[in-house]
Amino acid sequence: MSDPDKREGQGSPNTTVVTKARPKTKKPSMYRVLMLNDDYTPMEFVVHVLERFFGKNHEDAVQIMLHVHQRGVGVCGVFTYEIAETKVNQVMELARQHQHPLQCTIEKDGSE
Ligand code: TYC
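Read on for an overview of the structure. Throughout, a residue's number is its position along its own chain's written sequence, starting from 1. Local features in this predicted model are restricted to residues whose pLDDT is 70 or higher, and side-chain atom pairs enter the listing and the counts only when it is 80 or higher, whereas totals over whole chains, interfaces and linings include all residues. As a rule here, side-chain values come from all non-hydrogen atoms in the structure, and water together with hydrogens is ignored.

1. Focus: the side chain of K87
Alright, step 1. Runs of E in the DSSP output that reach at least two residues are strands. Runs of H or I that reach at least four are helices, and both are numbered from the N terminus. Tracing the sequence through the fold places K87 in helix α3 (residues 81-97).
Alright, step 2. Buried K87, no salt bridge; nearest opposite-charge side chain is E82, N-O distance 13 Å.
Alright, step 3. Residue contacts follow a heavy-atom distance rule, with two residues in contact if any of their heavy atoms lie within 4.5 Å. Discounting residues that sit within four places of it in the chain, K87 has contacts with F53, F54 and F79. Accessible area is worked out with a 1.4 Å probe on protein chains only. A residue is then buried under 20% of its type maximum, exposed over 50%, and partly exposed in between. Charge counting follows a simple rule: Lys and Arg are positive, Asp and Glu are negative, and His as well as the terminal groups are ignored. Throughout this description, the term salt bridge denotes a Lys or Arg side-chain nitrogen within 4 Å of a carboxyl oxygen of Asp or Glu.

In structure tokens:
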């Protein structure tokens, strides 16, 4: 093994490939929380829900409520799955306590 060409396999020189460390992170899938219209839930209650659970200011909350009232469905916000699920549960629980039929659902966000 004194022949220098036989020390490193097929005569390969002592080269090193350096690859930059790149942490393999993935952005989480995002989900829309949708609010559905109904004929019985008071408008003020929907506005309150949007302010309390979705951090909307009064003006935005009224706009979203009216959009749902007129179009049947509207987006309250976009979150990771667990957050979206929690928001839906919070809304449904408060609506249940007040005996309002307000419904919320989750839909996977397409814009990724
Ligand atoms: N349509 C309801 C009413 O006239 C108001 C309402 C708006 C209900 C939005 C639900 O998600 C909703 N009182």
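More follows now that the structure is in view.
2. Quick notes on the pattern of salt bridges
Alright, step 1. Tallied over the entire structure, the rule returns three salt bridges.
Alright, step 2. Residue R32 pairs with E107 through a salt bridge whose shortest N-O separation is 2.7 Å. Residue R32 is found in strand β1 (residues 31-36), and its partner E107 is found in strand β3 (residues 103-108); the two are separated by 75 residues along the sequence.
Alright, step 3. A relative accessible area of 22% places R32 in the partly exposed class.

3. So, unusual backbone geometry
Alright, step 1. Although it is not a glycine, Q99 sits at a positive phi angle of roughly 60 degrees.
Alright, step 2. Note on placement: Q99 falls in the loop between α3 and β3.
Alright, step 3. The class of Q99 is exposed, set by a relative accessible area of 72%.

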